[in-house]
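Fold and contact review
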Amino acid sequence: MKDASCASPAPKKSLGQHFLRRPDICRRIADLLDLEEGDQVLEIGPGPGALTDVLQALPHKRLLLLEKDSHWAGFHAGKNTPGTEVRCMDALAFPWEELEGKWKLAGNLPYNVASPMLWDIASRCRSLSQAAFMVQKEVGQRLAAAPGTKDYGALSVWTQAFWVPRMAFIVGPSAFTPPPKVDSAVLSFKPLPAEKLPQAPEALAKVIKLCFSQRRKQLGGVFRKNDREDLLDKLSQLGLPLTVRAEELSVEQFIFLSVAGKETQG
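Attention here is on the structure that accompanies the text.

What counts and what doesn't
Residues numbered from 1 in each chain as written. Predicted model: local features only at pLDDT ≥ 70, side-chain atom pairs only at ≥ 80, totals over all residues. Heavy atoms only, no water. Buried < 20%, exposed > 50% of the residue type's maximum accessible area, 1.4 Å probe, protein only. Helix = DSSP H or I, 4+ residues; strand = E, 2+ residues; numbered from the N terminus. Polar contact = N/O pair within 3.5 Å; in protein donor to acceptor, adjacent residues only side chain to side chain. Contact = heavy atoms within 4.5 Å. Pairing = 2+ DSSP bridges. Axes fitted to C-alpha atoms, helices over the stretch in contact; angles between N-to-C directions. Salt bridge = Lys/Arg side-chain N within 4 Å of Asp/Glu carboxyl O. Phe/Tyr/Trp six-rings, centres within 6.5 Å; stacked < 30°, edge-to-face > 60°. Lys NZ or Arg CZ within 6 Å of the ring centre and 35° of its normal.

Taken as a whole, helix H3 (residues 70-77) has its buried residues at His71, Trp72, Ala73, Phe75 and His76. For H3, the side-chain oxygen to backbone nitrogen distance between the N-cap and His71 is 2.9 Å, and the N-cap itself is Asp69.

Now the structure itself:
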């Protein structure tokens, strides 16, 4: 039987694998975490471990690796690196609520699951103290978009209701094996203070999805069509006309609408 560390299977298209291979970029990603002794770090999708190697060399207390690919999970587990734990699992199924203490998260997220994964982590991982993720450039632009811009949408509002995202730098296709057809973006994230977090996240998700279900439509018409007279009243309270569109509302205004919806609908 061959040692897992000796075999290097081709990246799997089904898992959206594009392995980062440049140590300098890995170091720039790791630097966004400001690692210190005692930090707990979680990396999503380490693959061959270019970023993992950098993280392990920096100050930290514990490193948890989530790897869906059984080959690479076995590869890292076989190293028996002190302070490093490996879980062979899909990060989309990880129980984020169960993390204890403060955690710093990092990862080169697969293009095909980055959006739902970040949507999930934003609301469920209350232990996050800092994060740095690489995503497709288009997704990165959406995450950091401001109201009134073409990239501003449901993902923008949702993540910014929990985090402060910042576009750090762009990475070209040549940094990966195999090279993707588009550029990637690395963003840093810091959580908002507890008092600013949405108190009714489920209601907020419903309002966001409703408002952006027809993003070019006026919200007055969208709310009437969906029997949400309560939201029509709240638009008025915000001083907004019924002709306003979803992309024009701020994150705070979306949260205001969602609290109204929760109160009205029980």
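All right, on to the environment of Trp163 then. With respect to the element layout, Trp163 can be found in strand E7 (residues 163-171). Under the relative-accessibility criterion, Trp163 is labelled buried at 3%. Those residues in contact with Trp163 that sit more than four places away from it in its chain are Leu118, Ile121, Ala122, Leu128, Phe133, Phe189, Lys190, Pro191 and Leu192.

The next point concerns the sheet that holds strand E2 (residues 40-44). The strand order across the open sheet built from 7 strands is E4-E3-E2-E5-E6-E9-E7, with neighbouring strands paired in mixed fashion. Every other strand in the sheet has two partners, leaving strand E4 (84-88) and E7 as the edge strands with one partner each. The average angle at which neighbouring strand axes cross in this sheet is 15 degrees, direction not considered. Of the pairings in the sheet, the one linking E7 to strand E9 (residues 184-191) comprises 8 bridges and is antiparallel in character. Note on E9: the bridge partner recorded for Val164 is Lys190. Docked against the sheet, helix H5 (residues 137-144) engages strand E6 (128-136), E7 and E9, running at close to 140 degrees with respect to E6.

What the rule picks out here adds up to 13 salt bridges. Note that Asp230 is salt-bridged to Arg228, the shortest N-O span being 2.9 Å. Side by side, Asp230 and Arg228 carry an identical accessibility label, which is buried. In the salt-bridge network here, residues are joined through shared partners; they are Arg62, Glu85 and Arg87.

Next up on the list: unusual backbone geometry. A negative phi angle characterises most non-glycine residues, just as the trans form characterises most peptide bonds. Of note, the bond from Thr177 into Pro178 is cis; its omega dihedral lies within 30 degrees of zero at -10 degrees. Summarising the element assignment, Pro178 is placed in the loop between strand E8 (176-177) and E9. Even without glycine at this site, Asp34 takes up a positive phi of about 50 degrees. Position of Asp34 among the secondary structure elements: in the loop between helix H1 (23-31) and E2. Classification of Asp34 by relative accessible area gives partly exposed; the value is 44%. A positive phi angle is found at Asp227, which is not glycine, with a value near 55 degrees.

This next bit is on the packing of aromatic side chains. Scanning the entire structure with this criterion turns up 9 aromatic pairs. An angle of 85 degrees between the planes, with centres 5.4 Å apart, marks the rings of Trp72 and Phe75 as edge-to-face. On the criterion of helical spacing, the pair formed by Trp72 and Phe75 is a turn pair, its members being 3 residues apart in helix H3. Classification of Phe75 by relative accessible area gives buried; the value is 12%. Taking 6.4 Å as the distance between ring centres and 70 degrees as the angle between the ring planes, the aromatic pair formed by Tyr152 and Phe212 counts as edge-to-face. Of this pair, Tyr152 sits in the loop between H5 and helix H6 (154-160) while Phe212 sits in the loop between helix H7 (201-211) and helix H8 (219-225), and the two are 60 residues apart along the sequence. For the pair Tyr152 and Phe212, a shared accessibility class is recorded, and that class is buried. Among the aromatic side chains, those forming a connected cluster through ring pairs are Phe19, Trp72 and Phe75. A cation over a ring is seen here: Arg28 above Phe169, with NZ or CZ 3.8 Å from the ring centre.

Any functional reading would require information that these geometric values do not contain.
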